[in-house]
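Survey of secondary and tertiary structure
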There are 2 protein chains.
Amino acid sequence: MSNLTIEDIRSNLQKAGYKLTPQREATVSILLDRDDEHLSAEEIYILVKQKAPEIGLATVYRTLEILTDLHLTHKVVFEDGLSRYDLQKNRGHHFHHHLECVECGKIEEIEEDLLDEVEQEIEQRFGFLVQDHQLTFQGICKKCQQNRKE
Amino acid sequence: MSNLTIEDIRSNLQKAGYKLTPQREATVSILLDRDDEHLSAEEIYILVKQKAPEIGLATVYRTLEILTDLHLTHKVVFEDGLSRYDLQKNRGHHFHHHLECVECGKIEEIEEDLLDEVEQEIEQRFGFLVQDHQLTFQGICKKCQQNRKE
DNA sequence: ATACTTGCAAATGATTTGCACTTGC
DNA sequence: GCAAGTGCAAATCATTTGCAAGTAT
């Protein structure tokens, strides 16, 4: 699914004056592997530690901050107070949404941008120039609905 | 704009086995007064303290938690990591959205639900039963756009 | 050399909790 | 009267930061 490579990320970092250190590479490689999950910094840290045990949590945070600044990842604050990070697979006009199941806690991602029309309406009616958005739905996922019936 | 009264809130609390103490009343009255702002717990605390100086921040948090559990308020986590609370003016089918200006930080509220169609699409395509949602747009508000031109 | 990075530990900031005291019904 | 509620201070949890040491070019 992901068409981003480590090399893309290396060149983006270098363009901005950052190095792709082993720690950053390990962190990015977790994000590439798990690009359909929505990992918190802590979860990323635990996964990275398996490959590079000497890494510190602060480094993971710093890496994620840089990646987010460069728009290589996207940071979303969830209701539980944790921030989760997604690789920006489709750079540029990216936008995606989340389906958060209140029963099993799973977070599903939707790639399409369903809000084009809504954004146009906002700009016309409120004179507000939209740059980005976050949309999260809470509800019951398919699987949990089935479990309820059993 | 708000059609909720203290009495509505009192009866809701009592139905759920809670009392409307002076501290809770003071907190709710701030929310009623400022129902178009999006106040953080800290901001609410400061305002409440002016009328009831002996109140503690923990009580404000506990009150907001109860109100949110009873769906009398709605808690939204913003990008800055703070949670803000809105009174649920139109109980039941409530839904509203936020416009967050990245320049002046102001948070505007839109009452309409622009997502009816989007929700139907989600339910059909993903089998996900939507119960609630949060939608926040980041961008530049009208006023800041004008200031830029000057 | 020099500027960028790191790991660690300590600091921060929002929220939560334990507890002895108080209060509303 | 007594469970429910309070204020305070201490605890917690995610995240950030200071700093001395490490590293790449």
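Above this text sits the structure in question.
Note that this is a predicted model, so its numbers are computed, not measured.

The subject of this paragraph is the sheet that holds strand β3 (residues 83–87) of chain B. For sheets, the rule is that strands pair by backbone hydrogen bonds, running either parallel or antiparallel. All names here are of chain B. Read from one edge of the open sheet, 3 strands run β1-β3-β2, paired in antiparallel fashion. One side of each edge strand has no neighbouring strand; the edge strands of this open sheet are β1 (39–40) and β2 (73–77). Looking at chain direction, β1 and β3 are connected through 2 bridges and run antiparallel. By the bridge assignment, L39 is partnered in β3 with Y85. Sitting on the sheet, helix α4 (residues 57–69) is in contact with β2 and β3, with an inclination near 110° to β2.

The next point concerns the sheet that holds strand β1 (residues 39–40) of chain A. Residue and element names in this part refer to chain A. If you walk across this open sheet you meet the 3 strands as β1-β3-β2, and the pairing is antiparallel. With partners counted over all chains shown, the strands left at the sheet margins are β1 and β2 (73–77), one partner each. The sheet strands contacting helix α4 (residues 57–69) are β2 and β3 (83–87), and the helix crosses β2 at an angle near 110°.

Further remarks concern the protein's contact with DNA strand D. Neighbouring DNA strand D are 18 residues, the closest being A:Y61, B:T21, B:R24, B:I55 and B:T59. Counted by atom, the contact set of DNA strand D within 4 Å of the protein is 76% sugar and phosphate. A distance of 3.2 Å separates a phosphate oxygen of DNA strand D from a polar backbone atom of B:E54. Secondary structure elements with two or more residues in the surface near DNA strand D: α4 of chain A together with α2 (22–33) and α4 of chain B. Looking at which element gives the most residues to the surface near DNA strand D, the answer is α4(A), with 4 residues.

Reading guide: rules and limits
- Residues numbered from 1 in each chain as written.
- Chains lettered and ligands numbered in written order.
- Predicted model: local features only at pLDDT ≥ 70, side-chain atom pairs only at ≥ 80, totals over all residues.
- Heavy atoms only, no water.
- Pairing = 2+ DSSP bridges.
- Helix = DSSP H or I, 4+ residues; strand = E, 2+ residues; numbered from the N terminus.
- Contact = heavy atoms within 4.5 Å.
- Axes fitted to C-alpha atoms, helices over the stretch in contact; angles between N-to-C directions.
- Near = heavy atom within 4 Å.
- Polar contact = N/O pair within 3.5 Å; in protein donor to acceptor, adjacent residues only side chain to side chain.

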